[in-house]
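# Structural description and commentary
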Number of protein chains: 4
Amino acid sequence: MLATGHRKAIAGSAVKTGSSALRPRASQRCSSVVTNASALKGKIKKVVLAYSGGLDTSIILKWLQDEYGCEVVTFTADLGQGEELEPARAKAEKMGIKQIYIDDLRETFVKDYVFPMFRANAQYEGLYLLGTSIARPLIAKRQIEIAKEVGADAVCHGATGKGNDQVRFEVSYYALKPDIKVIAPWREWTLSSRTEMIQYAETNGIPVPASKRGEAPYSMDANLLHISYEGNALEDPWVAPSESMFTRSVSPEQAPDKPTEIEIEFEKGNPVAIDGVKMSPATLLAKLNQLGGDNGIGRIDLVESRFVGMKSRGVYETPGGTILLMAHRGIESITLDRGESHLKDDLMPRYAELIYNGFWFSPEREALQTLIDKTQEYCTGTVRVKLYKGNVSITGRKSPYSLYDKMIASFEDDGGLYNQADAGGFIKLQALRLRTMGISRKQA
Amino acid sequence: MLATGHRKAIAGSAVKTGSSALRPRASQRCSSVVTNASALKGKIKKVVLAYSGGLDTSIILKWLQDEYGCEVVTFTADLGQGEELEPARAKAEKMGIKQIYIDDLRETFVKDYVFPMFRANAQYEGLYLLGTSIARPLIAKRQIEIAKEVGADAVCHGATGKGNDQVRFEVSYYALKPDIKVIAPWREWTLSSRTEMIQYAETNGIPVPASKRGEAPYSMDANLLHISYEGNALEDPWVAPSESMFTRSVSPEQAPDKPTEIEIEFEKGNPVAIDGVKMSPATLLAKLNQLGGDNGIGRIDLVESRFVGMKSRGVYETPGGTILLMAHRGIESITLDRGESHLKDDLMPRYAELIYNGFWFSPEREALQTLIDKTQEYCTGTVRVKLYKGNVSITGRKSPYSLYDKMIASFEDDGGLYNQADAGGFIKLQALRLRTMGISRKQA
Amino acid sequence: MLATGHRKAIAGSAVKTGSSALRPRASQRCSSVVTNASALKGKIKKVVLAYSGGLDTSIILKWLQDEYGCEVVTFTADLGQGEELEPARAKAEKMGIKQIYIDDLRETFVKDYVFPMFRANAQYEGLYLLGTSIARPLIAKRQIEIAKEVGADAVCHGATGKGNDQVRFEVSYYALKPDIKVIAPWREWTLSSRTEMIQYAETNGIPVPASKRGEAPYSMDANLLHISYEGNALEDPWVAPSESMFTRSVSPEQAPDKPTEIEIEFEKGNPVAIDGVKMSPATLLAKLNQLGGDNGIGRIDLVESRFVGMKSRGVYETPGGTILLMAHRGIESITLDRGESHLKDDLMPRYAELIYNGFWFSPEREALQTLIDKTQEYCTGTVRVKLYKGNVSITGRKSPYSLYDKMIASFEDDGGLYNQADAGGFIKLQALRLRTMGISRKQA
Amino acid sequence: MLATGHRKAIAGSAVKTGSSALRPRASQRCSSVVTNASALKGKIKKVVLAYSGGLDTSIILKWLQDEYGCEVVTFTADLGQGEELEPARAKAEKMGIKQIYIDDLRETFVKDYVFPMFRANAQYEGLYLLGTSIARPLIAKRQIEIAKEVGADAVCHGATGKGNDQVRFEVSYYALKPDIKVIAPWREWTLSSRTEMIQYAETNGIPVPASKRGEAPYSMDANLLHISYEGNALEDPWVAPSESMFTRSVSPEQAPDKPTEIEIEFEKGNPVAIDGVKMSPATLLAKLNQLGGDNGIGRIDLVESRFVGMKSRGVYETPGGTILLMAHRGIESITLDRGESHLKDDLMPRYAELIYNGFWFSPEREALQTLIDKTQEYCTGTVRVKLYKGNVSITGRKSPYSLYDKMIASFEDDGGLYNQADAGGFIKLQALRLRTMGISRKQA
């Protein structure tokens, strides 16, 4: 069971819930909406919709049928967001959908997306673990595969017109199928308020849960790596989020008074076992989520720079990822040579930015990945971490390929590899250029 | 008072205490020792020694007098290591020293070394806050100044022959005075065990404290930014350090059950006030040390890659610095433009490596510093942080120059700067090269 | 006189001539054109137009008067494109313009834009000297200054909708005056062919030169740094350009059979004299253009990656710039320390990309510039170059700050700074990590 | 036949000829020489010497026999330096050598060292094509292989104690066989002048050619990629080299008055054919050398920053490499996506520096190589270059994977991939952060 723990309410994976996104300036958008929709109208035969089963994507589903008059294929993915997916099938059927895809992508997600990214120690702007960013390319990829299978000529997503996700989805679509047509309802339709949305839903027989009638305090996005919160109640960056918002972790204050210590085993940069128990990637990450969430680990509150040009405030819970990052740095610290390790560090911000901006399926991300993966060949061993009230502390690391050699690093006799006298020559040559410069620039 | 709190025993600033450093392979070193010492012997008239007043530098002092037969000038610096300095004067006088320099460099240290480095968010290998690395250039600089004042032709430090500090000292010396002569006793002398050291001390009337007679469990280095531990008891990276080792912080477990919340005010990237109280740089850092130490903040245990080529295990306490880094990232998150912020992130590892390797006084570090400082012109505002059992959490940030604009980042009407329809064009052009590539590489 | 030599026909600075740019797909653009124009129509009171006096910007001038019904202020800049500017005044007056700005910006252009860029050795994609890119920010800056002076609320440029220049102009406008309104006629109007353009001109009494009636073989852009050609006749990258196209240089084949040798003097990274004769920046660059053009220097033919997403073929003549780059590298080679020089080399592609993409007025370009300028403090001395049939060869360099020290670099006795024995220790420590790795990875 | 053309006198591959290298300061070195030699004396059983057959390595051979009293195995490599190798066998036999290795490594050299490096467009300090740097790792690798085959415990090279080559050899040795013993005679022996060297040779029956009796005007190093000159006559960087020095190319002035045009075919980034004729790597490079040398191509005169800390003046002839670099950039310009191409450009200086410094066999060079090679998968097609009196001009490029799409880059109707209206949105979002900044920083 891939429990993600401490969950109260989980958003769909492919749509931001939350309502205030509904008010683009109608006056500005009107004509282009008409243009765009009408430009493609009648030209689209079949569209694959990233469908969560929730209110917003249900409205989109209906709107596609109405506006585009085309056949809709729904695709609902389990990326570990913690929702039941079968209700989505029932809803889609009720709306007349013939081709319904519901896929459990959790293992793929963790193995082929999350783990490669953690091999790079990726953090955007020094802190963000890219939990939302890394899920979008997989959803997009599967949508395109389905489009090919069912002969659809278009795809559609439920991301708003102000965020990064629209870019991540669409850049991925285009990279994987350059001739695909893309429908982005939030940038197109004329529904310009939550009231209009709900009215549209009711008019079209789409059930509106009570909880969706008012203004949502924030939008959320969840998957096996993280859950994010943004918007409305979080808009003032001087105001801390309410404790009641969090769903995947207890606060450090509420976490147990006793530390938990675990051992994580790595092979070629990937975690493969906890406390000696081998686990599949998704199972392992779910286990780390449980452990981290229980110990108040992985909350972060930040203001980030969106690719579309504005700053945005986001709060994230990434319990397992936070442990994993620390542990991975730990195993790297004894198995990676300085040259490869510093090269990775220098390139990490660029790699993280590529993922954040939606360029997972770009040749430069792929080239960087080959470099990163090359450095992980001997990144094998075990790290012991202590989890305690929000802290992840490394308390031990060992590896058959350890480069930390007691004989060298200690002050003991080193058996010949290191001779203190060598340091004198080393320093002299390191300083030579600076001495020359000092003389030259003083003389003149 | 610049208390650094929670201190039990503090090492001198310019020498690593600890004894096993005393056993270079005599067979290998012998001849070069003789060579080197004899090469300069009789050629040196006056040497400025970085003198802590402790056992090791007292032995060095005597050894210089004996081996080099030259006049010794002692220089003892207060960098906030938490030791009384006046005993050093008495000891030096007793050993016949005529020119004794004792300088309080705490404000200079924090203002001109620590703060510039924190403006860069520097972390070596992702974690280490460079507490030792940043102190060496200042000590070296002052030694060279004194050498010029007193007409000395040589300088001498107490760093061992296996570490980074010898490089940091000597590269700095040479950069600042290319023709200076450098004496590095640990690479030169024939004292090859702690027993021989103590024997040498006793023979020469240097008092040996009881605590120094046995093997020290680890060597330490302390200043206002941090305290470090390495060697002996820490050599096995699979074994966690003993709780009794730590001197500057309580453990998270022992920290108060109630969080402490403070507000840190920044001007142009530097912290200038805590909770509205303006403080000098050193006072402010000491205050952060106190707050951090009390709350179990800033311990780190890592294996790092030394510049001289081997891996080394170090444990550090940096309570104030850990808070400062987080807070600085917080104020940057709302005041730095994405372009400058990502540029800084990309260059940070290189900047940190330069400092770690001892190249503070290099033209490339200085060029990077101008770049970093340029980005800090508007890095002004206030950050609220919560300190709790090892955790530093940002709970608020505000600035007169905030780039986070509610009107833009929220989903509300934005008054014109952001138009959702623009995103469509933005994405299309971002994806164009990937679409072209997809078509081209498939066709062929 | 700032002659640029070998010129046959020179395009205006702020508009690409050439005709095929006139055929955007009407069907796609129609509605958004209407939208955009009508959205601002009636809302703009006064616009500052970058006006070359040529056919295209004259049509734009008239179109602005007709479509926007606003007052137009013309701005014509001399950036060394080699055209008479006074005819532009007469034309503007004839079209009823009251406020006409004609500025000689050549010295500013070279001193504050070209030279800073050459201090960085900037080349986009390894080869392109950024001749067009660097001119756009200055034109934009002056337009915004004029807008402020005359109280205009909008600016307008004549760059097409497929190129980089639209980005360079508009990003600069917005950076300098965030609330400015921007009119980009080529993306807006419904003129969809050269025939329609000419018809529009004739209908409105705008004189159409005979040479503009047919399809132009390529579009051009010229200023004191370079002249560029692209489009139409150059579209097939397998076909070399016709010799008759070039205007600023003879071909290497036609250049003199005897080499020309000159000495260029630099101060802080900027050229200040040729053969001992001090010159102003623009005069000096014009002189280098003459010398380079006479000797067949500075032609380049390449396919580049545009910021807007497609590849584009461009042919450039940059005679003086080509000499300057080589000479600057020459003076740097003896005056820059390795550390600063390699740092610059590492950052150059990023700096060049920023300029190419239009981000001259971005904080990251400015931060990089401070870094670059810091490295040029001692970049002073003289370089001798030989010019011969397309070749620029350095034949000598000297400087009062030279870091090339005969005593060190030669195999002679070095007086102490370099001791061969030091190399042994240097190498041993450089190799230590690799030896450790070799042992570790083999063992396991 | 792998002719390298225009050759007059060619130096051995593993030793710098030239004589002034013979004068390290005896006084400084004496003791360490004694130390080092004696430390290993009696401990070495068999050494593999990189033996060119020339005077210097013959002296080394004898010196090894005398000083170390160990068995010497000679290894002579053909890397295309243009010398007969069989005389080396005769000389070695005469000196009593039992195990003599003479290997033709030309194909390996070009295929596995030169071509990978050219896939990266590597240039050190903007200009140097790394001709010497790239040969050293191969020689070292083969030496280590032979050492393993013959059971030798040491290797020996003939590089001097002031240059980069000693580092390149020794770092490679240690990386490939961490426990190897290294003998560097130039840093060890007491021969401190050319006179002493010649005396030693004559005393020991080593023939001294007349040309070696006087002071050589410069030292040289040659292989199939380049020939280098440095030292003595070249020491003053203000004085151009004599025309008589060059051996592999005519001067541009002496080159034919008619251009030569050739087509070079690439597969995955490697040249595979010239004018439709498929060739092996070494054959192809030799052919390019002939073509380049005939047309006065590939001379460069520069001052470079050595890894050991000083500046050095070098003159190089790299005729084929100069053509290859330009042609490779040409094929990349139409086949590499902007993302991968700019990533490569950003990393190139670092990659080049690694090779220059001798870190070919480092994990970071290997990781970078995987990245570079990944980008070359579609780097296939044909480039036409014109060679004329020192100039290499691209006159055409084509590829089945071309990303240059007439339909997009031209101003013609583009069939939908590019819509001019998209540029408006693209620019708006690109400028958004700068507008926000402009507002924010002005307000405050």
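Worth saying up front: this structure is predicted, and the values here are computed from it rather than measured.

All names here are of chain D. A complete count under the given rule lists 54 aromatic pairs over all chains for this structure. Judged by centre distance (3.7 Å) and plane angle (5 degrees), the ring pair of Tyr-124 and Tyr-356 falls under stacked. Of the two residues, Tyr-124 is situated in the loop between helix 4 (106–119) and helix 5 (136–150) and Tyr-356 in helix 11 (residues 338–357); the sequence distance between them amounts to 232 residues. Consider the rings of Phe-307 and Phe-359, whose centres lie 6.0 Å apart with planes at 80 degrees: the pair is edge-to-face. Here Phe-307, found in the loop between strand 11 (299–305) and strand 12 (311–317), pairs with Phe-359, found in the loop between helix 11 and helix 12 (363–375); they are 52 residues apart in sequence, far enough to count as distant.

Okay, the relation of the copies chain D and chain B next. In screw terms, the move from chain D to chain B is a rotation of 180 degrees and a rise of 0.0 Å along the axis, fitting with an RMSD of 0.0 Å. Look at the turn and shift together and you get a two-fold axis relating the two. Every residue of chain D has its C-alpha some distance from the rotation axis, and the shortest such distance is that of Phe426(D), at 1.9 Å. Here 100% of the contact residues of chain D are again contact residues in chain B; the copies associate through an equivalent surface.

On the chain B side, the residues contacting the 33 residues of chain D number 33 residues. For the interface between chain D and chain B, the tally reads 4 salt bridges. The salt bridge involving Arg433(B) is made with Asp337(D); its shortest N-O contact spans 2.4 Å. Considering each element in turn, the side of chain D that touches chain B owes the most residues, 16 residues, to helix 14 (residues 420–443) of chain D. When grouped by side-chain class, the residues that make up the side of chain D that touches chain B number 16 nonpolar, 9 polar and 8 charged.

Among the secondary structure elements, Ser333(C) is positioned in helix 10 (residues 319–335). Relative accessible area serves as the criterion here: at 14%, Ser333(C) is assigned to the buried category. Filtering out sequence-adjacent residues up to four positions away, Ser333(C) remains in contact with Arg397(C), Val303(D) and Lys311(D).

As a further point, take the sheet that holds strand 9 (residues 270–274) of chain C. Residue and element names in this part refer to chain C. With antiparallel pairing, 5 strands are arranged side by side in an open sheet as 10-9-8-13-14. The open sheet is flanked by strand 10 (277–278) and strand 14 (391–398), the only strands paired with a single partner. Summarising the sheet, strand 8 (residues 260–267) and strand 9 pair through 4 bridges and their orientation is antiparallel. Paired with Glu-265 across the two strands is Ala-273, which belongs to strand 9. Packed on one face of the sheet, helix 9 (residues 281–294) meets strand 8, strand 9 and strand 13 (381–388) and runs near 70 degrees to strand 9.

Excluding glycine, most residues fall at negative phi; most peptide bonds, likewise, are trans. Residues and elements named next belong to chain A. With a phi close to 65 degrees, Leu-130 is a non-glycine residue in the positive phi region. When you line up the elements, Leu-130 lands in the loop between helix 4 (106–119) and helix 5 (136–150). When its relative accessible area of 0% is taken as the criterion, Leu-130 is described as buried.

On to the environment of Arg306(B), then. Residues and elements named next belong to chain B. In this fold, Arg-306 is placed in the loop between strand 11 (299–305) and strand 12 (311–317). Assessed through its relative accessible area of 3%, Arg-306 is described here as buried. A polar contact of 3.2 Å, which involves the side chain of Arg-306, links it to the side chain of Ser-312.

Now for the interface of chain B and chain A. In this assembly, 115 residues from chain B lie in contact with 115 residues from chain A. Together, the buried faces of chain B and chain A total about 10100 Å²; carbon and sulfur atoms form 57% of this surface. Taken together, chain B and chain A are joined by 6 salt bridges. Residues Arg397(A) and Asp301(B) are paired through a salt bridge, measuring 3.0 Å at the closest nitrogen-oxygen approach.

What follows is about the environment of Thr57(B). Residue and element names in this part refer to chain B. With respect to the helices and strands, the residue Thr-57 is situated in helix 2 (residues 55–68). Taking the C-alpha atoms as reference, Thr-57 lies 18 Å from Tyr-173; in sequence the two are 116 residues apart. For Thr-57, the side chain forms a polar contact with the side chain of Ser-52, separated by 3.1 Å.

Take Glu170(B): it is sitting in helix 6 (residues 165–176). Take Glu170(B): its relative accessible area is 2%, and that puts it in the buried class. Setting aside chain neighbours within four positions, we find Glu170(B) in contact with Ile427(A), His157(B), Val182(B), Ala184(B) and Arg187(B).

A word on the domain arrangement of chain A. Residue and element names in this part refer to chain A. The domain architecture assigned to chain A consists of domain 1 (40–212) and domain 2 (219–335 + 378–398). Each of domain 1 and domain 2 has a C-alpha centre, and these two points are 26 Å apart. On the domain 2 side, the residues contacting the 30 residues of domain 1 number 35 residues. Interface area lost by domain 1 to domain 2 is led by Phe-115, Phe-118 and Asn-121, which between them contribute 22%.

This part covers the UniProt feature "domain: Arginosuccinate synthase-like N-terminal" (unreviewed entry) in chain A. When the UniProt feature table is mapped onto this chain, "domain: Arginosuccinate synthase-like N-terminal" (unreviewed entry) is found at residues 46–207 of chain A. When the span residues 46–207 of chain A is considered, its composition is 48% helix and 15% strand, and the gap between its end C-alpha atoms is 25 Å.

Here the focus is the pattern of salt bridges. One pass over the full model with this rule turns up 132 salt bridges over all chains. For Asp165(A), the salt bridge is made with Arg136(A), and the minimal N-O distance between the two is 3.1 Å. In this pair, Asp165(A) sits in helix 6 (residues 165–176) while Arg136(A) sits in helix 5, placing the two residues 29 residues apart along the sequence. Linking Asp78(C) and Arg106(C) is a salt bridge whose minimum nitrogen-to-oxygen distance equals 3.6 Å. Residue Asp78(C) is found in strand 2 (residues 71–78), and its partner Arg106(C) is found in helix 4 (residues 106–119); the two are separated by 28 residues along the sequence. The buried category is assigned to Asp78(C), whose relative accessible area is 13%. Here Arg106(C) falls in the buried class, since its relative accessible area comes to 18%. One salt-bridge network, held together by shared partners, links Asp103(A), Lys141(A), Arg142(A), Glu145(A) and Glu149(A).

Let us look at the relation of the copies chain B and chain A. With an axial shift of 0.0 Å and an RMSD of 0.0 Å, the rotation relating chain B to chain A amounts to 180 degrees. A share of 100% of the interface residues of chain B reappears at the interface of chain A, consistent with the copies meeting face to face through the same patch.

Another point: the packing of helix 12 (residues 363–375) of chain A against helix 11 of chain D. Contact geometry of helix 12 of chain A with helix 11 of chain D gives a least axis separation of 7 Å together with a crossing angle of 45 degrees. Relative to helix 11 of chain D, the element helix 12 of chain A lies oblique. Together, Pro363(A), Glu364(A), Ala367(A) and Leu368(A) of helix 12 of chain A and Gly339(D), Glu340(D) and Leu343(D) of helix 11 of chain D make up the contact between the two elements. Of the residues that constitute the contact of helix 12 of chain A with helix 11 of chain D, the class distribution is 4 nonpolar, 1 polar and 2 charged.

Looking now at the sheet that holds strand 4 (residues 154–156) of chain B. Residues and elements named next belong to chain B. Spatial strand order, 3-2-1-4-5: 5 strands in an open sheet with parallel pairing. Each edge of the sheet is formed by a strand with only one pairing partner; in this case those strands are strand 3 (100–104) and strand 5 (181–183). For this sheet, the mean angle separating the axes of adjacent strands, direction not counted, is 25 degrees. Looking at chain direction, strand 1 (residues 46–50) and strand 4 are connected through 3 bridges and run parallel. Within strand 4, the residue paired with Val-48 across the bridge is Val-155. On top of the sheet, helix 3 (residues 86–94) reaches strand 2 (71–78) and strand 3; it is set at about 170 degrees to strand 3, its chief contact.

Definitions and limits used
- Residues numbered from 1 in each chain as written.
- Chains lettered and ligands numbered in written order.
- Predicted model: local features only at pLDDT ≥ 70, side-chain atom pairs only at ≥ 80, totals over all residues.
- Heavy atoms only, no water.
- Phe/Tyr/Trp six-rings, centres within 6.5 Å; stacked < 30°, edge-to-face > 60°.
- Helix = DSSP H or I, 4+ residues; strand = E, 2+ residues; numbered from the N terminus.
- Least-squares fit on C-alpha atoms with pLDDT ≥ 70 in both.
- Contact = heavy atoms within 4.5 Å.
- Salt bridge = Lys/Arg side-chain N within 4 Å of Asp/Glu carboxyl O.
- Nonpolar A, V, L, I, M, F, W, Y, C, P; charged D, E, K, R; others polar.
- Buried < 20%, exposed > 50% of the residue type's maximum accessible area, 1.4 Å probe, protein only.
- Pairing = 2+ DSSP bridges.
- Axes fitted to C-alpha atoms, helices over the stretch in contact; angles between N-to-C directions.
- Polar contact = N/O pair within 3.5 Å; in protein donor to acceptor, adjacent residues only side chain to side chain.
- Buried area = accessible area lost by both parts, 1.4 Å probe.
- Domains from an automatic or database assignment.
- UniProt positions renumbered as here; feature names shortened; annotations may be inferred.
- Parallel < 35°, antiparallel > 145°, perpendicular 65-115°, else oblique.

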